[in-house]
Amino acid sequence: SLFGPGSHTRATILRTTLSCCPAARSHCVLAMSLPAPWTDVFAEAERLKSTHLRTLLQDQARNDSMFVRCGDVTLDYSRERVDGAAMDKLIALAKAADVEGKRKKMYEGVKINETEGRPVLHTALRAPRDAEILVDGVNVVPEVWKVLDAMKAFTDKVRAGEWTGYTGKALTDVVAIGIGGSYLGVEFVYEALRTDPEAAAAAAGRRVRFLANVDPIDVKRALEGLSAETTLVVIVSKTFTTAETMLNARTVKEWLIKELGSPDCIAKHVAACSTALDKTAAFGIDSKNVFGFWDWVGGRFSCWSAVGVLALSLQYGFDLIMKFHEGGRDMDTHFRTAPPTENLPMIMGLLSVWNVSILKHEGCAVLPYCQALTRFVAHIQQLDMESNGKRVTMDGSDVPVGTGAIYFGEPGTNGQHSFYQLMHQGRVIPAEFIGFSASQNPVELPGEPVSNHDELMSNFFAQPDALALGKTAEELKAEGVPEKLVAHKTFPGDRPSLSLLLPVCNAYYLGQLLALYEHRTAVQGWVWDINSFDQWGVQLGKVLATQVREYLTEARKREGDDSKFLKPTAKLLKKYLES
């Protein structure tokens, strides 16, 4: 660990000192016995703390150095509260944390997910057919392509009407059942492509519904308006034991049997993404329609696997989804080969560490100025918060700095009329703006001064400047604002942000965008020396839910014993059962 022995004691002192001594926070941090790379970065924050972004943005050489490209993807981070010297120290911190070495191990299939004893190889899911990536001496790429080829064959047959339902009708509707990583990334890509002209043409006459929540209301909404005769169900569960997913799967299975009149319909109307062939067979699924994935694929990184490819290919066609893979693959190459000062995932990851650990901002607003990215932020919430919501380093000691941010966001301009008020005049929340040069659906009305997309993008360009520069009392007074309103209309500014500009929201650039955020997430974890690829934090609630489930089963028979629960929980359970 970069933090070394004694980090638990230092972390305790650090938290106590900072909570009791906010006025001297920066000094207290620097006084701690953190490793030199960290204290060097804290020193840069101390140096810059009284320098407003208005001042930093006057340095054009600095601004130019923060305009970085990967192909046609442009990153502008000149509105972050850093300068060249601070970035040098952040890059030195990454070097001290061996980020490049850890990245190399990830690409090579080393088992860097140490707590689960697994490699981390979502990059292999989008690797070219002739690549070689070894796990325990075996090249996994041919297995990846074996599954991809099988999915192409199956989805092509379904889309062509060669694979039909139990009554002989074409299967035009898909219900994808999965939760968490088996749902969020897939839905993000589905929604992002819905209004892409090429994808929309490929999806003509087809529908996809997602069923994730175990709430029976979600079942009703997913099945509403569908005919069982034309519906194909895709169940996503590696072990075929995920409680919520399997209850939903059994519920939809009953619907199919009721509507079609025979259990024999399941083999024609259900496919699965799973490795539990015995359980899928017991469910009634044809083994040829079960598509596997591997334990080196983390759920939140899995939309590149059968988890996402199957449903997305049924909707948009396999070839188009391979363009999504191509975009991710090109970002993988950029991340692996670009020097740190030109490496988009490296820069964004280090800036996140700067904002979270050094400047102690606890939130991050992801703001896509594109309605097609309506589910992007929900996916990034899981990607980053499940990955980096950790409190201990790889050796089990406390991380002596803050890790992970609270991610939220909404497509612009909707967010501007919702939570931007707080961002401008309330809390300081670093922001990440995402925009596209061209719209999926360009509209230009006669007589209007700008196109609809230019109207949208006017806000994309204006908001980062407004957050950075603010508006002073002097400027307001010069404009004749009444004295009693000056304080209310003053904007402090100095709110950090970065901007990403891509050409258009299509399959290829979506692949680049998602892979960028995946690698950005990993960079943060490697700097913090945490395991970004496990998720033990989701387990405890599941265990307790099992106890509640067992109790409810008995309580419905008037036999339950609630003594094992907290008194408030038992009381609330009693109230629940009264209904």
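Residues numbered from 1 in each chain as written. Predicted model: local features only at pLDDT ≥ 70, side-chain atom pairs only at ≥ 80, totals over all residues. Heavy atoms only, no water.

1. As for the overall build of the chain
Next, step 1: Summing up its helical and strand segments, the chain has 25 helices and 13 strands in all.
Next, step 2: Against the 2.2 N^0.38 benchmark of 25 Å for 579 residues, the chain shows a C-alpha radius of gyration of 26 Å, consistent with a compact globule.
Next, step 3: For the chain, the spread of C-alpha atoms along the three principal axes comes to 75 × 70 × 60 Å.
Next, step 4: Restricting to contacts in the chain with at least 6 residues of sequence separation, those with at least 24 account for 74%.
Next, step 5: Split by element, the accessible area of the chain, about 25,400 Å² in all, is 54% carbon and sulfur. (Helix = DSSP H or I, 4+ residues; strand = E, 2+ residues; numbered from the N terminus. Rg over C-alpha atoms; globule rule 2.2 N^0.38 Å. Contact = heavy atoms within 4.5 Å. Areas by Shrake-Rupley, 256 points an atom, 1.4 Å probe, with all protein chains shown as cover.)

2. Here we look at the side chain of asparagine 248
Next, step 1: With respect to the secondary-structure elements, asparagine 248 resides in helix α12 (residues 243-260).
Next, step 2: A residue is classified by how much of its surface remains accessible, and asparagine 248, at 2% relative accessible area, is buried.
Next, step 3: In contact with asparagine 248, other than residues within four places in its own chain, are Ile177, Leu211, Ala212, Asn213, Val214 and Val219. (Buried < 20%, exposed > 50% of the residue type's maximum accessible area, 1.4 Å probe, protein only.)

3. Comments concerning the environment of valine 270
Next, step 1: For valine 270, the location among the structural elements is in strand β8 (residues 270-273).
Next, step 2: Separated by 37 residues in the primary sequence, valine 270 and valine 233 have C-alpha atoms spaced 4.6 Å apart.
Next, step 3: Sequence-distant contacts of valine 270, defined by excluding residues within four places in its chain, comprise Leu232, Val233, Ile235, Leu256, Phe283, Ile285 and Asn289.

4. Notes on the pattern of salt bridges
Next, step 1: Evaluated as defined, the whole model comprises 29 salt bridges.
Next, step 2: Glutamate 187 is the salt-bridge partner of arginine 375, the closest N and O atoms lying 2.8 Å from each other. Taken together, the positions of arginine 375 in the loop between β10 (363-368) and α18 (376-388) and glutamate 187 in helix α9 (residues 184-193) put the pair 188 residues apart, joining distant regions of the chain.
Next, step 3: With a relative accessible area of 12%, glutamate 187 lands in the buried category. (Salt bridge = Lys/Arg side-chain N within 4 Å of Asp/Glu carboxyl O.)

5. Let's talk about the sheet that holds β10
Next, step 1: Taken in spatial order, the six strands of this open sheet run β1-β2-β13-β12-β10-β11, and their pairing is mixed. For this open sheet the edge positions go to β1 (67-70) and β11 (406-408), each flanked by a neighbour on one side alone. This sheet shows a mean twist of 15 degrees between the axes of neighbouring strands, independent of strand direction. (Pairing = 2+ DSSP bridges. Axes fitted to C-alpha atoms, helices over the stretch in contact; angles between N-to-C directions.)

6. A few points about helix α7 (residues 99-108)
Next, step 1: Within the sequence span of α7, burial applies to Val99, Gly101, Lys102, Arg103, Met106 and Tyr107.
Next, step 2: Looking at the buried side of α7, the elements it contacts are α6 (84-96), α16 (318-337), α17 (344-358) and α23 (507-528).
Next, step 3: Immediately beyond the C-terminal end of α7, within one or two residues, lies glycine 109, with a positive phi of roughly 85 degrees.

7. Here we look at the confidence of the model for the chain
Next, step 1: A residue-level look at the chain finds 94% of positions with pLDDT of 70 or above and a mean pLDDT of 94.
Next, step 2: Predicted confidence for residues 5-24 stays below pLDDT 50, and this span has 25 contacts to residues more than four positions away or in other chains. (pLDDT = per-residue confidence, 0-100.)

8. Some thoughts on the side chain of aspartate 286
Next, step 1: On the secondary structure map, aspartate 286 appears in the loop between α14 (277-283) and β9 (290-291).
Next, step 2: Excluding anything up to four places from it in sequence, aspartate 286 contacts Trp163 and Ala267.

9. Quick look at the packing of α16 against α17
Next, step 1: With their axes 7 Å apart at the nearest point, α16 and α17 run at an angle of 70 degrees to one another. One way to sum up the angle between α16 and α17 is to call them roughly perpendicular. Of the residues in α17, those in contact with Met331, His334 and Phe335 of α16 are Leu344, Pro345 and Met346.
Next, step 2: Within the contact of α16 with α17, the residues separate by chemical class into five nonpolar, one polar and no charged. (Parallel < 35°, antiparallel > 145°, perpendicular 65-115°, else oblique. Nonpolar A, V, L, I, M, F, W, Y, C, P; charged D, E, K, R; others polar.)

10. Details of a negative patch on the surface
Next, step 1: Judged by side-chain charge, Glu444, Glu448, Asp454 and Glu455 come together as a negatively charged surface patch.
Next, step 2: When its relative accessible area of 40% is taken as the criterion, aspartate 454 is described as partly exposed. (Patch = residues over 30% accessible without salt bridge, like charges linked within 9 Å, V, L, I, M, F, W, Y side chains within 5 Å. Lys, Arg positive; Asp, Glu negative; His and termini not counted. Charge placed at Lys NZ, Arg CZ, Asp CG, Glu CD.)

11. Let's talk about the sheet that holds strand β6 (residues 207-211)
Strands in a sheet are paired, the pairing made by backbone hydrogen bonds, and the direction either parallel or antiparallel.
Next, step 1: One open sheet holds the five strands; their spatial order is β6-β5-β7-β8-β9, and the pairing between them is parallel. Each having just a single partner strand, β6 and β9 make up the two edges of the open sheet.
Next, step 2: Sheet topology places strand β5 (residues 173-177) next to β6; five bridges connect them, and they run parallel. By the bridge assignment, alanine 176 is partnered in β6 with phenylalanine 210.
Next, step 3: With respect to the sheet, helix α11 (residues 216-223) is in contact with β5 and β6, its orientation differing from that of β6 by roughly 175 degrees.

12. Some words on the packing of helix α3 (residues 36-48) against α6
Next, step 1: Close contact between α3 and α6 brings their axes to 9 Å; oriented N to C, the two are set at 165 degrees. As far as their axial angle goes, α6 and α3 are roughly antiparallel. Of the two elements, α3 crosses α6, and the hand of that crossing is left-handed. For the pair formed by α3 and α6, the contact residues are Pro37, Trp38, Asp40, Val41, Glu44, Arg47 and Leu48 on the first element and Ala85, Ala86, Lys89, Leu90, Leu93 and Ala96 on the second. (Left-handed = near helix turned anticlockwise from the far one by under 90°.)

13. Some words on the environment of methionine 66
Next, step 1: Take methionine 66: it is sitting in the loop between α5 (60-65) and β1.
Next, step 2: Note on methionine 66: relative accessible area 1%, which makes it buried.
Next, step 3: Sequence separation between methionine 66 and aspartate 83 is 17 residues, and the spatial gap between their C-alpha atoms is 9.0 Å.
Next, step 4: Setting aside anything within four residues of it in sequence, one finds methionine 66 in contact with Leu75, Asp76, Tyr77, Ser78, Val82, Asp83 and Gly84.

14. Section: the packing of aromatic side chains
Next, step 1: This model, assessed by the stated rule, comprises 19 aromatic pairs.
Next, step 2: Here tyrosine 183 and phenylalanine 210 contribute two aromatic rings whose centre-to-centre distance is 6.1 Å and whose plane-to-plane angle is 55 degrees, an arrangement assigned as tilted. Remark: phenylalanine 210 occurs in strand β6 and tyrosine 183 occurs in the loop between β5 and α9; sequence separation between them is 27 residues.
Next, step 3: Of the residues examined, phenylalanine 210 reaches a relative accessible area of 13% and is grouped as buried.
Next, step 4: Taken together, a centroid distance of 5.5 Å and an interplanar angle of 50 degrees make the contact between phenylalanine 419 and tyrosine 420 tilted.
Next, step 5: Taking relative accessible area as the criterion, tyrosine 420 reaches 2% and is therefore assigned buried. (Phe/Tyr/Trp six-rings, centres within 6.5 Å; stacked < 30°, edge-to-face > 60°.)

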